[in-house]
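# Summary of structural features
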Amino acid sequence: MKQLLQSLRSGAITVTDVHAPEAPKRSGVIVRVHASVISAGTEKMSVDLARASLLEKARSRPDDVKKVIAEVKQQGFWATYHRVRNKLDTQKPMGYSCAGEVIAVSEDVDDLRPGDRVACGGQGANHSEIVSVLRNLCVKLPENVPYEDACYTTLGAIAMQGVRQAELTFGEVVVVIGLGLVGQLTCAIARSAGCIVIGIDLDANNIKLASTYNAQFAFSRNEDNLVNKVRAISNGHGADAIIITAATSSNDPIDLSAQVARDRGRIVMVGVTKMDIPRDPFFLKELDFRLSRSYGPGRYDNNYEEKGIDYPIGYVRWTERRNMQEFVRMLGAKQIDPSKLTTHVLPITDAQRAYDMIAGEIKERYLGIVLTYPQDDTTKVSIKNVGQQPVVSSQEPTIGFIGAGNFAQGFLLPTLKEQAKLIAVANESGASSEEAKTKFGFVRATTSANEIIASSDINTIFIATRHNNHSELITKALEAGKNVFCEKPMALDLQGAMSVAQAFEKNLQKNGAKFLIGFNRRFSPLVVKTKELFGEPHEPKLIVYRVNAGAVPASNWVQDPEIGGGRMIGEVCHFIDTAAYFANDSMPRSVVAKQISTGRADSIDHDTVSITVDYEDGSIATILYIANGDKTLPKEEIQVFSGGRTAIMKNFTELEFYRGSSKPHIEKAQGKGHPEEIKAFITAIKTGSESPIGFDSMLATTLVTFAIHESLSSGETVRF
């Protein structure tokens, strides 16, 4: 299928052939797109940023620069440089508002079916022949609404949410500042609601369009006596509400809003402008300033969007989906006519021309640019048949990679491509699969994990998806006789872990394949050196592992127990494995965990935990996982005590070793062990040697993370 992509490095726009989605996501729908609209304001900002120099990009994103500087200190300059360079080489799907025909739905979707005409929004609703979208961002269309109008639905929902935030009532005067697409739709919705609408813009064509179709009054920002004209229309009071839909670095929309507002008027920010609130006019008029978040309640809520869990209508009347449905109703009732906003209708193959207009390279007036797509049934949603490929030698690893996202591309694939032959890559998005294929030299790309696992020319599977997919994909790959590397964790629950264990035993007996979970820290040069310095004979160790992890919002996918498993399972497993490494992979005997209690039901309490693991060899590990510490403190420090010796490893950059001398032995290095773990795994396959970590140790680490949750819940020590 064809999809429109943008290079983050150069800003170049290309229409690329990529694989269609394999199947709907949970609470998902696959749609064959008939039309999509380019959101000129939002997408122009994206184009301008991508085409900016590296210095200009840095200036526009100071927080990202701080993260890069911190990473340089920990990972080293070249490793960070290559990761940032890799990130900039990413191709970004464009667009977020389209309309088309449903061709597949997930099992948990019961209100949509193949053949339904729908409008789609948000993540996934890109400029693409086929899209995979979420149920709560997909609404049915009346038969009398053409796709070329319906594709404006997402923009209409943005406008509608701004109107709702303004709490407009019949007969009120509302000023709309910025008459682009969202501004025009805002005017039309407010006018349909019985308001007196005044539009303001700098562009004469937009002003004329608004006054002709969408607003009773429309003025230039440069109009003489503009404030007095607004006052005259409002019987001398000023506007009841001002909705800002402009995109500018200027503070003028804020200043103007304060001037034209009545006493205790309402100002709503929908667009993107400077927001320096002038105190005097806002104080003297006691103005109410509000922000409007995208399409409405539910936006950025994983439970609502990704899991399809709706808000009860008695508590939340207008969600983002209900806003979309209401806009579609207005289209069917002919209360809004987006065709008046459409200046261009172009086939997807001519999309470059549209973005040249937006970037100013083609001097031509534009407002609404609609892209259309061929409807010839040449694009299918199915698992590609790769045929019978020649069976390869088990000693020469041939790689199928599932989930080549930012982490994989930054930390795994740069090393892996130098160690083994990359055959196929699968991501949910066909565009990101093609991008990874091109960037790292895979032979082919797909959107089907099953296709990769079934391919006979692949003997080694790498898995770097979200956590909830791990145990299922590991089990399938092991049952198919493959070597498997999977990023942590192994599983989110005992059932998943036991499924992996059974598949591993069968694979081991039949094929002797290698299996590794990505517990990379034990491969870090300084962690390896620490263990070497203690030498033989092995004595029990006291291990204190302090992790200044920082807070992660409860809304983050990692915190979702069904998707990420929470931080104990999703991240603390790293530190459990490292402690086990120092204890010579001795089996755990007991686990006890305690968390702080501030009285707040937030992630700070849940994620600030002290964990103690007692091992069969006599070692004891205490892991202090800290979410309430100062961010400037380096993240990780390991202290190891044994046989009159002490080692302190500081954040993978410095090691101090004390052994009967007034001055410690000091080692310096960088890296958390990602390249080393990949090399060790590939070497094990090539040489037929043991896997770098024994399966029993990896399973024990996984079970310890489950025991941590049990101990926190019961307040008791969990014994194995």
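Residues numbered from 1 in each chain as written. Predicted model: local features only at pLDDT ≥ 70, side-chain atom pairs only at ≥ 80, totals over all residues. Heavy atoms only, no water.

## Focus: the overall build of the protein
Assigned secondary structure in the protein consists of 25 helices and 31 strands. On C-alpha atoms alone, the protein measures out to a radius of gyration of 29 Å, which is about the 27 Å that the 2.2 N^0.38 rule sets for 720 residues. Taken along its principal axes, the extent of the C-alpha atoms in the protein is 90 × 65 × 50 Å. Looking at the protein residue by residue over its 720 residues, the buried ones come to 54%. Taking as baseline every contact in the protein between residues at least 6 positions apart, the subset at least 24 positions apart corresponds to 68%. Of the roughly 30,500 Å² that the protein leaves accessible, carbon and sulfur atoms contribute 51%. (Helix = DSSP H or I, 4+ residues; strand = E, 2+ residues; numbered from the N terminus. Rg over C-alpha atoms; globule rule 2.2 N^0.38 Å. Buried < 20%, exposed > 50% of the residue type's maximum accessible area, 1.4 Å probe, protein only. Contact = heavy atoms within 4.5 Å. Areas by Shrake-Rupley, 256 points an atom, 1.4 Å probe, with all protein chains shown as cover.)

## A word on the sheet that holds strand S10 (residues 196–201)
Strand order in this open sheet of six strands is S11-S10-S9-S12-S13-S14, and the pairing throughout is parallel. Every interior strand has two partners, whereas the edge strands, strand S11 (217–220) and strand S14 (288–291), have only one. Geometrically, the sheet is characterised by an average inter-axis angle of 20 degrees between neighbouring strands, direction not taken into account. In this sheet, S11 lies alongside S10 in parallel orientation, the contact comprising four bridges. Along S11, the bridge assignment pairs glycine 199 with alanine 218. Helix H7 (residues 181–192) rests against strand S9 (173–177), S10 and strand S12 (239–244) of the sheet, and its axis sits at about 170 degrees to S9. Contacts from helix H9 (residues 226–233) reach S9, S10, S11 and S12, with the element oriented near 170 degrees to S11. (Pairing = 2+ DSSP bridges. Axes fitted to C-alpha atoms, helices over the stretch in contact; angles between N-to-C directions.)

## Quick word on H7
With twelve residues, H7 extends 17 Å from end C-alpha to end C-alpha; this agrees with the ideal 16 Å at 1.5 Å per step. In terms of residue burial, H7 counts as a mostly covered element, since ten of its twelve residues are buried. Glycine 194 occupies a position one or two residues after H7 and carries a positive phi of about 90 degrees. (Expected span 1.5 Å × (residues − 1).)

## Here's the deal with the state of the cysteines
A complete count under the given rule lists zero disulfides for this structure. As a non-bridged cysteine, cysteine 98 has cysteine 120 as the owner of its nearest cysteine sulfur, 4.3 Å distant. Classification of cysteine 98 by relative accessible area gives buried; the value is 0%. (Disulfide = S-S within 2.5 Å.)

## Observations concerning helix H19 (residues 494–510)
For H19, built from 17 residues, the straight-helix expectation of 24 Å at 1.5 Å per residue is met to within 8% by its first-to-last C-alpha distance of 24 Å. The complete set of buried residues in H19 reads Gly496, Ala497, Val500, Ala501, Ala503, Phe504 and Asn507. Its buried side turned inward, H19 meets helix H18 (470–479), strand S22 (515–517) and helix H25 (695–714). Directly after H19, the chain includes glycine 512, whose backbone phi takes a positive value near 65 degrees.

## Considerations on the packing of helix H15 (residues 406–419) against helix H16 (residues 430–440)
At a minimum axis separation of 11 Å, H15 and H16 run at an interaxial angle of 45 degrees. As judged from the angle between their axes, H15 and H16 are oblique. As for the relative orientation of H15 and H16, their crossing is right-handed in sense. Every residue of H16 that contacts H15 at Gln409, Leu413, Pro414 and Lys417 is listed here: Glu435, Ala436, Lys439 and Phe440. Across the contact of H15 with H16, the residue classes tally to four nonpolar, one polar and three charged. (Parallel < 35°, antiparallel > 145°, perpendicular 65-115°, else oblique. Left-handed = near helix turned anticlockwise from the far one by under 90°. Nonpolar A, V, L, I, M, F, W, Y, C, P; charged D, E, K, R; others polar.)

## Some words on the packing of aromatic side chains
Inspection of every chain in the model, using the stated rule, returns 14 aromatic pairs. When the ring of phenylalanine 515 is compared with that of phenylalanine 695, the centres are 5.9 Å apart and the planes differ by 40 degrees; the resulting orientation is tilted. Here phenylalanine 515, found in strand S22, pairs with phenylalanine 695, found in helix H25; they are 180 residues apart in sequence, far enough to count as distant. Of the two residues examined, phenylalanine 515 and phenylalanine 695, each falls in the buried class. Look at phenylalanine 534 and phenylalanine 657: their rings are 5.4 Å apart centre to centre, the planes differ by 90 degrees, and that puts the pair in the edge-to-face class. Taken as a pair, phenylalanine 534 in helix H20 (residues 525–534) and phenylalanine 657 in strand S29 (residues 654–658) lie far apart in primary sequence, 123 residues in all. This pair shows no difference in class: phenylalanine 534 is buried, exactly as phenylalanine 657 is. Pairwise contacts between aromatic rings join Phe401, Phe462, Phe485 and Phe681 into one cluster. In this arrangement the basic side chain of arginine 164 is found over the ring face of tryptophan 318, its NZ or CZ atom lying 3.7 Å from the centre. Over the ring of tryptophan 318 we find arginine 317, and its NZ or CZ is 4.0 Å from the ring centre. (Phe/Tyr/Trp six-rings, centres within 6.5 Å; stacked < 30°, edge-to-face > 60°. Lys NZ or Arg CZ within 6 Å of the ring centre and 35° of its normal.)

## Topic: the nonpolar core
Ranked by internal contacts, the top residues of the largest apolar core, which has 57 residues, are Phe401, Leu416, Ile474 and Phe515. Aside from chain neighbours lying at most four places away, what touches phenylalanine 515 is Ile474, Val484, Met490, Val500, Phe504, Phe681, Ser691, Ile693, Phe695 and Met698. Core analysis: the next-biggest nonpolar cluster, separate from the first, contains 52 residues, Ala119, Val145, Val182 and Ile189 among them. (Core = buried A, V, L, I, M, F, W, Y, C linked by side-chain atoms within 4.5 Å.)

## Considering the confidence of the model for the protein
Chain-level statistics for the protein give a pLDDT mean of 90 and a share of 90% at 70 or above. Note that pLDDT drops below 50 for residues 381–393; the model gives that stretch 25 contacts with residues more than four away or on any other chain. (pLDDT = per-residue confidence, 0-100.)

## Description of the pairing of strand S7 (residues 130–134)
The buried fraction of S7 amounts to five of the five residues, a majority that puts the element mostly inside the structure. Burial along S7 is two-sided: Ile130, Ser132 and Leu134 facing one way and Val131 and Val133 facing the other are all buried. Looking at chain direction, strand S3 (residues 28–38) and S7 are connected through five bridges and run antiparallel. Opposite valine 29, over in S7, you have valine 133 as the bridge partner.

## Considerations on the packing of helix H6 (residues 153–166) against H7
The N-to-C vectors of H6 and H7 enclose an angle of 55 degrees; their axes lie 8 Å apart at closest approach. With respect to each other, H6 and H7 are oriented oblique. As for the relative orientation of H6 and H7, their crossing is right-handed in sense. Each of Leu155, Gly156, Ile158, Ala159, Met160 and Val163 in H6 lies in contact with H7, whose residues at this interface are Leu181, Val182, Leu185, Thr186, Ile189 and Ala190. Grouping the amino acids of the contact of H6 with H7 by side-chain chemistry returns ten nonpolar, two polar and no charged.

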